[in-house]
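# Structure assessment
In case you want the letters, here they are:
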Protein chains: 2
Amino acid sequence: MNKWQKRNRPFRLERRFEFETYNETREFLERLGDYTEAAKRFPDISFGRTYVNITLRPEDDDEGVELNEADYQFAAEIDGLLS
Amino acid sequence: MNKWQKRNRPFRLERRFEFETYNETREFLERLGDYTEAAKRFPDISFGRTYVNITLRPEDDDEGVELNEADYQFAAEIDGLLS
């Protein structure tokens, strides 16, 4: 499984998570929903039966703002939801 | 709020749902998850804090297959989850 990819224009982090079953996908989405709600931060998420794609833009999402340490930390917390 | 839009290449139905709050968005996603699981049919879904986009391809998703009555019925059932 790949890791977070940094993209430009606009700056963002993207990661695709793949799962064996819909149940695993949905469990991950539930944890993700709880976590983003607690963090009051809502990345763009797309999903199907066995995948979830997350696009994370800088917290201060003005045009051209770079990703910072807090953004990478947020991404790492999402990774932690996998276990 | 717009209705389902039919698109081609590949044939699909798309609709964007917008909500006032994250809580409303999440409640809709929960109902959608329950419904798609019961129907054993998993459209592509993307969402953020206050929107949900759904892309529904024909059930028999071979290249070039047209949408049929069952697909429109499935879309209508999703609309019913709003109430």
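This text goes with the structure placed above it.
Reference entry: report on the structure contained in this document. (Residues numbered from 1 in each chain as written. Chains lettered and ligands numbered in written order. Predicted model: local features only at pLDDT ≥ 70, side-chain atom pairs only at ≥ 80, totals over all residues. Heavy atoms only, no water.)

Looking now at the relation of the copies chain A and chain B. Superposing chain A onto chain B takes a rotation of 180° plus a shift of 0.0 Å along the axis, which leaves an RMSD of 0.0 Å. The operation mapping one copy onto its partner corresponds to a two-fold rotation axis. Distance from the rotation axis, computed per C-alpha, reaches its smallest value in chain A at A:Ser46: 1.9 Å. The fraction of interface residues of chain A whose copies in chain B are also interface residues reaches 100%, indicating that both copies meet through the same surface. (Least-squares fit on C-alpha atoms with pLDDT ≥ 70 in both. Contact = heavy atoms within 4.5 Å.)

Moving on: the packing of aromatic side chains. Applying the stated criterion across every chain, the model contains 11 aromatic pairs over all chains. Judged by centre distance (5.3 Å) and plane angle (35°), the ring pair of A:Tyr35 and A:Phe74 falls under tilted. With A:Tyr35 in helix H1 (residues 22-39) and A:Phe74 in helix H2 (residues 69-80), this residue pair connects regions lying 39 residues apart in the sequence. Each ring, one from B:Phe19 and one from B:Phe28, has its centre 5.3 Å from the other, and the planes form 40°; the classification is tilted. Each member of the pair, B:Phe19 together with B:Phe28, is buried. Aromatic rings pair up to connect A:Trp4, A:Phe17, A:Phe19 and A:Phe28 into one cluster. (Phe/Tyr/Trp six-rings, centres within 6.5 Å; stacked < 30°, edge-to-face > 60°. Helix = DSSP H or I, 4+ residues; strand = E, 2+ residues; numbered from the N terminus. Buried < 20%, exposed > 50% of the residue type's maximum accessible area, 1.4 Å probe, protein only.)

To continue, consider H1(A). Counted at 1.5 Å a residue, the expected span for H1(A) with its 18 residues is 26 Å, and the 25 Å between its end C-alpha atoms agrees. For H1(A), the set of buried residues is A:Tyr22, A:Thr25, A:Arg26, A:Phe28, A:Leu29, A:Leu32, A:Gly33 and A:Thr36. Each buried residue of H1(A) sits inside an arc of 160° when the element is viewed along its axis, so together they form one side. Residues of H1(A) that are buried sit in contact with strand S2 (12-18), strand S3 (44-47), strand S4 (51-56) and H2 of chain A together with helix H1 (22-39) and strand S3 (44-47) of chain B. Positive backbone phi, approximately 55°, marks A:Lys40, located one or two places after H1(A). (Expected span 1.5 Å × (residues − 1). Arc of directions from axis to C-beta.)

So, about the environment of B:Glu27. Residue position: B:Glu27 is located in helix H1. For the pair B:Glu27 and B:Leu81, spaced 54 residues apart in the sequence, the C-alpha separation amounts to 9.8 Å.

A few words on the interface of chain A and chain B. Listed per partner, the contact involves 18 residues of chain A and 18 residues of chain B. Between chain A and chain B lies a buried interface of about 1400 Å² when both sides are counted; carbon and sulfur atoms form 50% of it. Its largest share of buried area at the contact with chain B, chain A owes to A:Arg26, A:Phe42 and A:Phe47, together 37% of the area lost on that side. Between chain A and chain B we count 6 salt bridges in total. For the salt bridge of B:Arg26 with A:Asp34, the shortest nitrogen-to-oxygen distance reads 3.0 Å. One can count 14 residue pairs in polar contact (both at pLDDT 80 or more) joining chain A with chain B. For the side of chain A that touches chain B, the secondary-structure elements that each account for two or more residues are H1 and S3 of chain A. Sort the elements by how many residues they give to the side of chain A that touches chain B and H1(A) lands first, with 9 residues. For the side of chain A that touches chain B, a count of residues per class yields 7 nonpolar, 5 polar and 6 charged. Inspection of the sheet shows S3(A) paired to S3(B) by 3 bridges, in the antiparallel sense. Looking at the pairing, A:Ser46 lines up with B:Ser46 of S3(B). (Buried area = accessible area lost by both parts, 1.4 Å probe. Salt bridge = Lys/Arg side-chain N within 4 Å of Asp/Glu carboxyl O. Polar contact = N/O pair within 3.5 Å; in protein donor to acceptor, adjacent residues only side chain to side chain. Nonpolar A, V, L, I, M, F, W, Y, C, P; charged D, E, K, R; others polar. Pairing = 2+ DSSP bridges.)

Our focus in this paragraph is the nonpolar core. Counting 34 residues, the largest nonpolar core has A:Val52 and B:Val52 as the members making the most contacts within it. Residues contacting B:Val52, with those up to four places away along its chain left out, are B:Arg15, B:Arg16, B:Phe17, B:Phe19, B:Thr25, B:Phe28, B:Leu29, B:Leu32, B:Ile45, B:Ser46 and B:Phe47. (Core = buried A, V, L, I, M, F, W, Y, C linked by side-chain atoms within 4.5 Å.)

We now examine the sheet that holds strand S2 (residues 12-18) of chain B. Note: strands within a sheet are paired through backbone hydrogen bonds, in either parallel or antiparallel orientation. Ordered in space as S1(A)-S2(A)-S4(A)-S3(A)-S3(B)-S4(B)-S2(B)-S1(B), the 8 strands form an open sheet in which the pairing is antiparallel. For this open sheet the edge positions go to strand S1 (5-7) of chain A together with strand S1 (5-7) of chain B, each flanked by a neighbour on one side alone. Between one strand and the next, the sheet's axes are offset by a mean angle of 20°, whatever the strand orientation. Contacts from H1(A) reach S2, S3 and S4 of chain A together with S3 of chain B, with the element oriented near 25° to S4(A). (Axes fitted to C-alpha atoms, helices over the stretch in contact; angles between N-to-C directions.)

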